[in-house]
Amino acid sequence: MSTHSVEDIKRQSGRLRGTLLASLANPVTGALAEDDQTLIKYHGSYQQDDRDVRDERRRQKLEPDHAFMIRTRTPGGVVTPAQWLKLDAIATTYAERGLRITTRQAFQFHGVIKRDLKATMQAINAALIDTLAACGDVNRNIAVAANPYLSRVHAAVQAQAEALSKHLLPNSRAYYEIWLDEDKIGGSGEEDEPIYGATYLPRKFKIGFAVPPSNDVDVFAQDLGFIAVLGDDGTLLGYNVSIGGGMGATHGDAETYPRIGDVIGFVSPEHVIAIAEAVVTTQRDWGNRAVRKRARLKYTIDDRGLGNFMTEVERRSGVSFSEAQAFDFAHNADRFGWQQGDDGLWHLTLRIVSGRIWDRDGVRHLSGLRRIAARLDADGGAPEFRLTPNQNLLIANLDDSQRASIDRLVVEYGLDTHVSASPLRKTALACVALPTCGLAMAEAERYLPEFVDRLEQRLAKHGLDSNDLHLRISGCPNGCSRPYLAEIALVGKAPGRYNLMLGADHRGQRLNTLYRENIDETTILDTLDPLFGRYVAERIDDERFGDFVVRAGIVSIDSTGSRTLPLELIA
Ligand code: SRM
Ligand code: SF4
């Protein structure tokens, strides 16, 4: 571990350069120098090691099996078929585990070794996609509703998100010098960073744009959320603004908690950039730089007061918030299959379990999507691939004549799991966790399919097999699958052991709460089984499971839903 604090590393980095060039050139190790491991995040990459072989390598006195994860900056997760083909080729050439769709609509490549890093970065940029600021204490990839049916609004909101993403990029040329061989010019390492300053933000920062009735981006989990408000004619009037959402927590530390964002008012589209910049710079100046675990915007707001924060944002932006408009979310999951947009074009949402696209164990999703991308690329028009914030994939903007051939390929390559899968299986999320995530305490992505098998059996016993139920698994309490917004969540505590959380709604508007702590699979299933029985017997009309457990008093949620209550264990 580096002896320098993250704040020192940022300050002394020469605007994110550090000694990255020397680290990359060092042939003796597959790792970077310690401080560079922090800095490379701002370039969109993490140094990791294969945790499946960590102990064995330690026994053999070998250094860990280092490799790098690379994450793209793809606002709203939109790419063309031509870009898809290039990303596929990059994954096939340099990465170990195919393509991965993240819960923020980015692509991740895992298992890129150090000597291939630069070539991989260059290939990504050659596809006109970059990875700048995909990680680190800056604004991250902006999430945008994948919305297939309100096509015109999607286009307007997507354009707004892309402009905002660009506006909030760091000004440093380090990325271009290190990865793309841009010549160093005078002032390199001292560039003015008007938005971020020399130490960037105290912590990561996340923005999402939702378009009701879908809350697929989980707008209340974002540091800053924009909820589109439409006029009667379907045009975009502006946005309700939500601030202070976040999921991350640490087991056993009451100072950290997931939090639902507060809706603070309405702004028109032309004020989005000014408001976002003011929120970011206020957080830059007011955020807690002494205690990293308390550095997210949600804690700044709780520590300094929502009213004070709002007043400062209005002062800095010169924009006054109007009263928030009514909004109504129906769900925070994806809707699968074909849907027609209001522009007459067709959109197909495919289920991709945990966003993992690869050819392995008889699955040929990478090959299938390659065929589809090649077909669409040859067809012309304006087809798009859109990654959804639920790790799924939308093939957008097709005309009627293209549907049959795409359907054939979807079936040929087994990409039609949304047709046969249970509602539970279609919406379940899991974060990456083992073997690549350095913070994982338990399995998530690799465990999801078998856990769903067993949960389905229990649901079937109660005649609930066709019930819509949102399940999310995270390998640790950081909450990358946004588990605290699931009706049922498993949050990793130790290998094979999870905290069982219950009682979020299905719209992303209420957090769940801890029901049982540190239990194994058998106990989880045996705990849920009688609750399913009670649900069948006592539910009112089409009441959802998450709503039932709260109404029935099985879990108690505080009245604002903004925070889980002190951990009340029900044995
Ligand atoms: Fe995350 C850290 C993966 C979305 C909260 N997250 C990590 C790291 C980088 C582990 C690390 O720091 O060493 C994980 C890399 C695993 C790997 O091998 O790929 C990781 N996070 C992911 C992804 C890939 C999960 C996925 O299955 O899709 C998501 C990438 C999103 C993207 O494209 O940018 C991902 N992470 C999230 C989300 C969900 C969201 O943003 O909508 C959250 C909860 C929202 C939030 O930020 O509050 C989230 N990740 C965290 C945290 C906790 C932050 C906190 O406030 O405490 C960490 C740990 C940290 O930052 O120290 C973390
Ligand atoms: Fe890793 Fe934890 Fe995030 Fe899962 S929730 S990817 S285990 S940091």
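Here the focus is the sheet that holds strand S1 (residues 45-49). In spatial order, the strands read S1-S2-S5-S4-S13; together these 5 strands make up an open sheet with antiparallel pairing. Each end of this open sheet is capped by a strand with a single partner; those strands are S1 and strand S13 (356-357). Those strands touched by helix H5 (residues 81-94) are strand S4 (99-101), strand S5 (107-112) and S13, and its axis lies near 20° from that of S5.

This brings us to the side chain of aspartate 334. Assignment of secondary structure puts aspartate 334 in the loop between helix H11 (306-317) and strand S11 (337-340). In terms of polar contacts, aspartate 334 uses its side chain to reach the side chain of asparagine 390, at 3.2 Å. Beyond its immediate chain neighbours, meaning those up to four positions away, aspartate 334 contacts Asp216, Thr349, Thr388, Asn390 and Asn392.

Let's shift gears to the site of ligand 2. Taken together, the neighbourhood of ligand 2 is formed by Cys431, Ala433, Cys437, Leu439, Ala440, Ser474, Gly475, Cys476, Asn478, Gly479 and Cys480. Each residue belonging to the shell around ligand 2 can be placed in one class, and the counts come to 7 nonpolar, 4 polar and no charged.

Okay, the packing of aromatic side chains next. Within the structure shown, the criterion is met by 18 aromatic pairs. Between tryptophan 84 and phenylalanine 385 the ring centres are 4.6 Å apart and the planes differ by 25°, which places this aromatic pair in the stacked class. Separated by 301 residues along the polypeptide, tryptophan 84 in helix H5 and phenylalanine 385 in strand S16 (residues 384-387) bring together distant segments of the chain. An identical accessibility class is assigned to tryptophan 84 and phenylalanine 385; each is buried. Between the aromatic rings of tyrosine 535 and phenylalanine 548, the centroid separation amounts to 5.5 Å while the plane-to-plane angle is 45°, which identifies the pairing as tilted. Placement of tyrosine 535 in helix H17 (residues 521-538) and of phenylalanine 548 in helix H18 (residues 545-551) is noted, with a sequence separation of 13 residues between them.

Reading guide: rules and limits
- Residues numbered from 1 in each chain as written.
- Chains lettered and ligands numbered in written order.
- Predicted model: local features only at pLDDT ≥ 70, side-chain atom pairs only at ≥ 80, totals over all residues.
- Heavy atoms only, no water.
- Pairing = 2+ DSSP bridges.
- Helix = DSSP H or I, 4+ residues; strand = E, 2+ residues; numbered from the N terminus.
- Contact = heavy atoms within 4.5 Å.
- Axes fitted to C-alpha atoms, helices over the stretch in contact; angles between N-to-C directions.
- Polar contact = N/O pair within 3.5 Å; in protein donor to acceptor, adjacent residues only side chain to side chain.
- Near = heavy atom within 4 Å.
- Nonpolar A, V, L, I, M, F, W, Y, C, P; charged D, E, K, R; others polar.
- Phe/Tyr/Trp six-rings, centres within 6.5 Å; stacked < 30°, edge-to-face > 60°.
- Buried < 20%, exposed > 50% of the residue type's maximum accessible area, 1.4 Å probe, protein only.

Remember that the coordinates give geometry; whether it matters functionally is a separate question.
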